[in-house]
Amino acid sequence: MTSTVDSARSANDVADTLGAVIDEVIRPQAPSVDREGLFPRSGVDALAAAGLLGLASSTEVGGGGHGMRTVAEVVERLAAECGSTAMVVLMHYAGTAVIEAHGPREVRAAIATGGHLTTLAFSEYGSRSHFWSPTGTATVTDDGSVRLDAHKSWVTSAGEATSYVWSSLPLSGDAGPMTLWLVPADSAGLTVTGSFDGLGLRGNGSRPMTADGLRVPSTAMMAADGAGLDTALGAVLPWFLVLNAAFCLGLADSAVAEAGRHLTATTLTHTGAALRDAPVTRRDLARLMIRTDALRAFLGDTLTALETGRDDAMLRVLQVKALAGETVAEVTDGAMQLCGGSAFRKELGLERRFRDSRAARVMAPTTDALLDFVGRVATGLPLLDEANR
């Protein structure tokens, strides 16, 4: 067992390594990734080479063996510099959670050593943000392989990932609501069928994909036929929601920091006063800081609940992304107002963070869906109606 001292040292090593990659690659490339809508390949490759894409992989296969807290800190720091890179990495870790639990050892080892980028392929045109209701099909063929057909509406890192954690209807109609598959990127019949020219997260490669007669071996199934929803709720959702909250925290914290620097450094020539000298301005900045710090505290409590197996852990997981999505939208909006016309200039970086923050509310499960889930838990209802399972 790793000692507390060793764990702390290891976490410090992760922080130092990440800081170097951010300074050398990710921060310098962030404006062009956003401006040109480029997938942040150099940043992702640098993170892989530094061993940071394998943090959540088991030490048994050569990974870092780190838990969600360390990974959340990585996503938070990445989001503060480049939202697109952070989202690519977030989705990679979410996919890794499934592969660690149910994927083949060779793929787990490739992820652990940085040679494999994965992602989730859940959202579909037919069911939109209701990821728990896939419409794509899986059919056993004459040779025993499985044919997958689907129209995925949003796949982060589409055409860039090495594999996709793919959802479909089950092989057997009475098996359950969803089955998960590990689909290699070079599978025949798998194509990227559109582009992405988004408001924010412009480099995250979130594009539609189609499976048309795609064949995978039956061994590509992860967990049992029909058990995909249970896997998604139990293995994927905690990682996805908590890391989304960390992503929002990184954006909010960096927006507050940038606003503080601007208010401190900017002076009015005719009076000689800095913008920070106005009590109303200081008050508004303080409100943004408090909102951000409250999110940090709630995220920390959510991680503690998961680590200690508290009874309210799943409730916290559902709450944290809902809180984070609203917080980052309000904080980045407030930072834009505080900095006035300067915030609209791209060199300040605030308008990029403002745009990137808009995704959290609508990324499945959306804020509205999460609020419904929280209300269901609070009143003793099942998370999903039986008809939706």
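Among the nonpolar cores identified, the biggest contains 97 residues, and L47, L78, Y93 and F247 are the most heavily contacted of them. Among the elements that line this core, the one with the most residues is helix α6 (residues 228-265), at 21 residues. In this structure Y93 touches L52, L53, L55, A56, V71, V74, V75 and L243, once residues within four positions along its chain are discounted. If you look at the next biggest cluster of nonpolar residues, it comprises 19 residues, including L148, W166, V183 and M209.

So, on to the side chain of S127. Tracing the sequence through the fold places S127 in the loop between β1 (118-121) and β2 (137-140). Polar contacts involving the side chain of S127 include one to the main-chain carbonyl oxygen of S133, which spans 2.9 Å. Contact partners of S127, with chain neighbours within four places excluded, come to S133, P134 and T135.

Overall, the coordinates contain 31 salt bridges when judged by the stated rule. R27 is paired through a salt bridge with D23; the nearest N and O atoms lie 2.8 Å apart. Of this pair, R27 and D23 are both found in helix α1 (residues 4-36), 4 residues apart, which corresponds to roughly one turn of the helix. Its relative accessible area of 37% is what places R27 among the partly exposed residues. Overall, D23 belongs to the partly exposed group, its relative accessible area being 46%.

Counted according to the given criterion, the structure contains 4 aromatic pairs. Centre to centre, the rings of F122 and F131 are 6.2 Å apart; their planes meet at 20°, and the pair counts as stacked. Within the aromatic cluster, the residues linked to one another by ring pairs are F122, F131, W132 and F373. Sitting over the ring of W166, K152 keeps its end group 4.9 Å from the ring centre. Of note, R358 hangs over the ring of F354, and the distance from its end group to the ring centre comes to 3.9 Å.

Quick notes on the rules
- Residues numbered from 1 in each chain as written.
- Predicted model: local features only at pLDDT ≥ 70, side-chain atom pairs only at ≥ 80, totals over all residues.
- Heavy atoms only, no water.
- Core = buried A, V, L, I, M, F, W, Y, C linked by side-chain atoms within 4.5 Å.
- Buried < 20%, exposed > 50% of the residue type's maximum accessible area, 1.4 Å probe, protein only.
- Helix = DSSP H or I, 4+ residues; strand = E, 2+ residues; numbered from the N terminus.
- Contact = heavy atoms within 4.5 Å.
- Polar contact = N/O pair within 3.5 Å; in protein donor to acceptor, adjacent residues only side chain to side chain.
- Salt bridge = Lys/Arg side-chain N within 4 Å of Asp/Glu carboxyl O.
- Phe/Tyr/Trp six-rings, centres within 6.5 Å; stacked < 30°, edge-to-face > 60°.
- Lys NZ or Arg CZ within 6 Å of the ring centre and 35° of its normal.

In short, shape yes, function no, at least from these values alone.
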